[in-house]
Amino acid sequence: MAGYLRNFLFSNSDGSLEMSAEDPTSLEPYLRDEKPELHENNHEFKLPDVIGILPIRNAVAYPGTVTPLAIGRERSKALLADTKPNESVIGLVTQHNPETDRPSFDDIYSIGTAASVLKITKMPQGSIHVVVHGIARFKITERLTTEPYLKAAVQLLSVKAKITKRLQALIVSVRQTANRVIALSPSVPEEASVLLENIENPSALADFLAANLSLDIAKKQKLLEELDAVKRLEEVSVVLANQLEVLELSHKIQGRVRESIEKNQREYFLQEQLKAIQSELGKADSQTEELKHINKNIIKAKMPKKVEQEALRELDRLSKIPAASPEYSVIRTYLDWVCELPWSIQTKDQLDINKAQRILNADHYDLRKVKKRILEFLAVRKLNPTGKSPILCFVGPPGVGKTSLGRSIARAMGRKFIRISLGGIRDEADIRGHRRTYIGALPGRILQELRKCGSKNPVFMLDELDKIGQDFRGDPASALLEVLDPEQNFSFTDHYLDQPFNLSTVMFIGTANYTEPVPPALRDRMEVIELPGYTETEKLHIAKKYLIPRQLKEHGLNKSRLTIKDEAVLAIIRSYTREAGVRNLERSIAAICRAVATEIAKAKKRQATIGKADLSKILGPAQFESELALRTGIPGVATALAFTPVGGELLFIESASMPGKGLLQLTGHIGDVMKESAQAAFSIVKANAKKLKIEPGRFRKFDYHIHVPAGAIPKDGPSAGVAMFTSLVSLLLGKAVRPDVAMTGEITLRGLVLPVGGLKEKILAAKQAGIKTVILPARNKKDLPEVPKEAKKGLKFAFVKNTTEALKIALNTD
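Since this is a predicted model, take the numbers as computed values, not measurements. The residue numbering used here restarts from 1 in each chain and proceeds along that chain's sequence as written. Reporting in this predicted model follows two pLDDT cut-offs: at least 70 for local features of residues, and 80 or more for side-chain atom pairs to be given and counted; totals over whole chains, interfaces and linings ignore these cut-offs and use all residues. For side-chain calculations, the full set of non-hydrogen atoms in the structure is used, while hydrogens and water are omitted.

J.: Quick rundown of the overall build of the protein? Include the residues and the values.
T.: Counting from the N terminus, the helices are the DSSP runs of H or I reaching at least four residues and the strands are the DSSP runs of E reaching at least two. What the protein contains, in helices and strands, is 28 helices and 26 strands. Taken over C-alpha atoms, the radius of gyration is set against a globule rule of 2.2 Å times the number of residues to the power 0.38. Rg of the C-alpha trace for the protein: 43 Å, well past the compact-globule value of 28 Å for 814 residues, more than 25% over. Note on classification: 1.4 Å probe, protein chains only; a residue is buried when its accessible area is under 20% of the maximum for its type, exposed when over 50%, partly exposed between these limits. Within the protein, buried positions represent 49% of all 814 residues. Method for areas: the Shrake-Rupley scheme with a 1.4 Å probe, in which residue coverage is limited to the protein chains shown. Of the accessible surface of the protein, which amounts to about 40800 Å², a share of 51% is contributed by carbon and sulfur atoms. Of the side-chain charges in the protein, 119 are positive and 97 negative, and the distance between the mean point of each set is 12 Å. Positive charges are assigned to Lys and Arg, negative charges to Asp and Glu, while His and the chain termini are left out of the count. By convention, the charge on Lys lies at NZ, on Arg at CZ, on Asp at CG and on Glu at CD.

Spelled out as structure tokens, the structure:
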């Protein structure tokens, strides 16, 4: 290794030093008959009191070193202009920061090496090459000038070295270690060993080795500043020992690699000889048997003709490649994938409509629209067995049973079930796979899961479609366009397989909490079926029929040991779990089961009956209470209905005024669309001030503030427009909004009320909160029949076309 023992220094840009032993002339100063003396200890050397300072970068110059430098900086050129070869002495001092292009005295060390200029050569490009010879250490005692170059008063530093037996032993040890390093470094010239034997002075030996060891600049500078030659040599000895250890370990590793290569070559020749012997005996070798086995699997897979031809072509390539070649394992893995895919294997559909209906009803309560669609598909498949499978997308809040419904559909149809979660996927290769040119390439998740299930017509659920991401690696949602298009997926081409695979018999089902994040092109390829939240009665039925029996079984209980009353279940629904689905309801039932199981395990109870009064002991205090009366008791507060991914929710719109200039402030972590609704409501109020009997001058004298509480939760959408308008009018008229009224609807600057979505969820939220009257856009009247009768029971619906009609109902005024 050339970096370990070198003394010829190459420099770029005034001292970006690089060391090399490639040029044998680098050793000439030490091998000539007239060897240079160590001027540090030679009292004949006279160092001038004032010398020019040449800052160098990325290296430290030592006494006794011949150094070529490439000079490019203006200050350095000015210094050389005042320097005569073989007569002048300059100071070589290392910079603290090599990036500093115009160093001052603060940017350089205080100790450096005095050097004589041997030769100056001007280059055609404008730079100057100079050769200097290190003579002795010096210290800067006084800073004199910085222009046209650095000039300082200096003091010669003498080196301490007392010859003892210990020092002589140290010199011998250092030489032996250095010679061993040279022997392990093939790029270091042999002259280096001769040179080591000829350096008698311990300080010169330490400097020579320090100049050529792989050390950082700070450590090299520290060695230069060490005036005790014995200590310096000891530090060099430690570094040399570390370098030797690394070299020996490297040499050992290289030896092992060489042995391994020789062993592999020997095995290859023996394998070839064995093949020849087996061929003579009429026996096939293991590789031939392996190729026959793969060929049999290709025929057995019954793949399409073109795919089979490609597989046989790859098999032919495999037979011509040595088993030790990396390409062999790549082709072998590819052929394994091709043979193991279910090209012709599929399950037989269960086309008994009545039986399928019984299975769906046993697994899920209600969900009539979804069950009806599945039964229609089975009926069509019974009449047309070669028809295409539908692409469905279940949209609804968490916990309503989207994922479990897919498993139930597979059971009803007699198909295998596959589910992959797309949440957080950002790489297109997760869907389409990697090309075989990449190391460790694999097919995408679609083909991977089909291979695992061993059938080409499973029910394939793509969960969390609305949570797919995208980045520089591609857009997975765009890759799904081909998968979910019945007109294209009969020839789906994975990047790894690079052959068409028929996905038209797969029944794909997507799930999402809401459709807005799903790209329009992808949404257009799917038949969206909405799964709205459950009513109280539906949740009670689900708990009694599904959740409680399942939790009893999981906790080792039965109906005789634990009974949960209906009143307790309803109390959990109302006071402990305010959600669209039943996930938290099941968690609460599980908590009750755990508490009772603990009592039974301790032999404190044999059976338990849980009523409403027992819930606080097990589940703690009620989590949800109605804040309606408290929030709407003053003017300026209106109740809005909102739709979120977890179901319906009540939003309380609060308005306030304060002296100002008529500005509008909006708070509550609301989005841009909601801000625009608030500004539109404010503009309608100002435009219709006289009609609403509001003094117009108030808008010039007061500022207005609209706030939507729960400021930590992001809120957006246009459906709170009516509530914001009503809140402002209520504030300006000083009249409170009716406490039992909630409203939803988008507004225009003309005062029209436009339709909104999520009607069922909003009505359920209103009913749970004790609302009596719900103000809805008139154009939403057609959607009301889809809301369950139970959700509408006890509620009065007021359909309005404009904001004036909404005010009459909300404020109970004309």
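Back to the text.
J.: An account of helix 19 (residues 566-575) is needed here, citing residue identities and associated values.
T.: Listed in full, the buried residues belonging to helix 19 are A568, V569, L570, A571, I572 and I573. Any two residues whose heavy atoms approach within 4.5 Å are treated as being in contact. Where the residues of helix 19 are buried, they touch helix 18 (536-554), strand 16 (562-564), helix 20 (583-601), strand 17 (608-610) and helix 21 (615-619).

J.: Lay out the side chain of N513 with the relevant residues and their values.
T.: Here N513 lies in the loop between strand 14 (507-512) and helix 17 (520-524). Here G396 takes part through its backbone oxygen, which lies 3.2 Å from a polar atom of the side chain of N513. Polar contact is the term for a pair of N or O atoms within 3.5 Å; when the atoms are in protein, one must be able to donate a hydrogen and the other to accept it, and sequence-neighboring residues count only if both atoms are side-chain atoms.

J.: How would you explain the sheet that holds strand 15 (residues 527-530) if you had to name every residue and give the values?
T.: A sheet is described by the order of its strands in space; here five strands give the open sequence 10-11-14-9-15, paired in parallel fashion. The open sheet has two free edges, formed respectively by strand 10 (417-421) and strand 15, since each of these has just one partner strand. Averaged over neighbouring strand pairs, the angle between their axes works out to 20° when direction is ignored. Pairing between strands is defined by DSSP: at least two bridges between the two strands are required. When strand 10 meets strand 11 (residues 459-463), the two strands line up parallel, connected through five bridges. The partner of S421 across the bridge, within strand 11, is D463. Across the face of the sheet, helix 13 (residues 402-413) comes into contact with strand 9 (391-395), strand 10, strand 11 and strand 14 while running at roughly 175° to strand 11. For every element, the axis is a line fit to its C-alpha atoms; helices are fit only across the contacting stretch, and the angle between N-to-C directions ranges from 0 to 180 degrees.

J.: A description of the layout of surface pockets should follow, citing residues and the corresponding values.
T.: Its boundaries defined by the atoms lining it, the second largest pocket holds a volume of some 540 Å³. Contributing to the lining of the second largest pocket are 23 residues, with G399, V400, G401, K402 and S404 lying nearest its centre. Secondary-structure elements contributing two or more residues to the lining of the second largest pocket are helix 13, strand 14, helix 18 and helix 20. Ranked by the residues each element gives to the lining of the second largest pocket, the list is headed by helix 18, at four residues. Each residue is assigned to one of three groups, with Ala, Val, Leu, Ile, Met, Phe, Trp, Tyr, Cys and Pro labelled nonpolar, Asp, Glu, Lys and Arg labelled charged, and all others, Gly among them, labelled polar. Looking at side-chain class alone, the lining of the second largest pocket contains nine nonpolar, seven polar and seven charged residues. Whether a set of points on the 1 Å grid over the protein atoms alone is a cavity depends on a 1.4 Å probe fitting there but being unable to get out, while an open set qualifies as a pocket with protein on both sides within 12 Å along at least five of seven lines; lining residues are those with an atom within 4 Å of a point. Grid points are joined across faces, edges and corners, and a volume is the space filled by probe spheres set on the points.

J.: Lay out a nonpolar patch on the surface in plain terms, naming residues and giving numbers.
T.: Candidates for patches are residues over 30% relative accessible area with no salt bridge; among them, like charges are joined within 9 Å and nonpolar side chains (Val, Leu, Ile, Met, Phe, Trp, Tyr) within 5 Å. Think of a salt bridge as a Lys or Arg side-chain nitrogen and an Asp or Glu carboxyl oxygen that are within 4 Å of each other. Residues L249, I253, V257 and I261 make up a contiguous nonpolar surface patch of about 360 Å² in total accessible area. You can see I253 is positioned in helix 7 (residues 229-281). With a relative accessible area of 47%, I253 lands in the partly exposed category.

J.: Requested: an account of the packing of aromatic side chains, with residues and values cited.
T.: In this description, a pair of aromatic rings is defined by centroid distance and the angle of the planes. Each Phe, Tyr or Trp ring (for Trp, its six-membered ring) is paired with any other whose centre lies within 6.5 Å, and the angle between the two planes then decides the class: stacked below 30 degrees, edge-to-face above 60, tilted in between. A complete count under the given rule lists six aromatic pairs for this structure. When the centroid spacing of 4.9 Å and the interplanar angle of 55° are considered together, the rings of W343 and F501 count as tilted. Of this pair, W343 sits in the loop between helix 10 (326-340) and helix 11 (353-363) while F501 sits in strand 13 (residues 500-501); the two residues are 158 residues apart in sequence, bridging distant segments of the chain. The burial state of W343 is the same as that of F501; both residues are buried. Where F699 meets Y704, the ring centres are 5.9 Å apart and the plane angle is 45°; that geometry is what we call tilted. Judged by its relative accessible area of 8%, F699 is buried.

J.: Which residues make up the pattern of salt bridges, and what values go with them?
T.: Under the definition given, this model contains 36 salt bridges. Between D783 and K782 there is a salt bridge, with its nearest N and O atoms 3.9 Å apart. Overall, K782 belongs to the exposed group, its relative accessible area being 60%. Within this structure, E310, R313, E314, R317, E327 and R436 form a network of salt bridges that share partners.

J.: Can you break down the nonpolar core residue by residue, with the values?
T.: Of all hydrophobic cores here, the largest spans 53 residues; its most connected members are F394, I409, M507, L562, I564 and L615. Counting residues in hydrophobic clusters, the runner-up holds 51 residues, among them V307, L465, Y496 and V506. Residues belong to one nonpolar core when they are buried, are Ala, Val, Leu, Ile, Met, Phe, Trp, Tyr or Cys, and are joined through side-chain atoms within 4.5 Å.

J.: Go over the side chain of E310, please, and point to the residues and values.
T.: Along the chain, E310 turns up in helix 9 (residues 305-319). In contact with E310, not counting residues within four places along its chain, are Y334 and Q499.

J.: Residues and numbers for the packing of helix 9 against helix 10, please.
T.: To characterise two packed helices, one gives the angle between the axes of the helices and the distance between these axes. It is at 10 Å that the axes of helix 9 and helix 10 come closest, and there the two elements cross at 155°. When the axis of helix 9 is compared with that of helix 10, the two are roughly antiparallel. Every pair of crossing elements has a handedness; the one defined by helix 9 and helix 10 is left-handed. In this structure, helix 9 contributes V307, E310, A311, E314, L315, R317 and L318 to the contact, and helix 10 contributes E327, Y328, I331, R332, Y334, L335 and V338. Tallied by class, the residues present in the contact of helix 9 with helix 10 amount to nine nonpolar, no polar and five charged. If an angle is under 35 degrees, it is roughly parallel; if it is over 145, roughly antiparallel; if it lies from 65 to 115, roughly perpendicular; otherwise it is oblique. Two helices crossing with the near one rotated counterclockwise from the far one by less than a right angle form a left-handed crossing, whereas a clockwise rotation gives a right-handed crossing.

J.: Describe in detail unusual backbone geometry, supporting the description with residues and values.
T.: Between E147 and the following residue, P148, the backbone shows a cis peptide bond with an omega angle of 0°. Here P148 is to be found in the loop between strand 7 (128-145) and strand 8 (151-156). With phi around 60°, N58 is a residue other than glycine that occupies positive phi space. Even without glycine at this site, H669 takes up a positive phi of about 55°. The topology assignment puts H669 in the loop between strand 20 (664-667) and helix 23 (672-687). Overall, H669 belongs to the partly exposed group, its relative accessible area being 45%.

J.: How would you explain the packing of helix 8 (residues 286-301) against helix 10 if you had to name every residue and give the values?
T.: In the contact formed by helix 8 and helix 10, the axes pass within 9 Å of each other and the chain directions differ by 30°. Relative to helix 10, the element helix 8 is oriented roughly parallel. When you trace helix 8 past helix 10, the crossing you get is left-handed. Facing Q287, E290, I294, N297, I298 and A301 of helix 8, the residues of helix 10 in contact are Y328, R332, L335 and C339. For the contact of helix 8 with helix 10, the per-class residue count stands at six nonpolar, two polar and two charged.

J.: Could you give me a rundown of helix 15 (residues 445-453), with the residues and numbers involved?
T.: Where helix 15 is concerned, the buried positions are I446, L447, Q448, E449, L450 and C453. Note on helix 15: the residue one or two positions beyond its end, G454, has a positive phi of about 70°.

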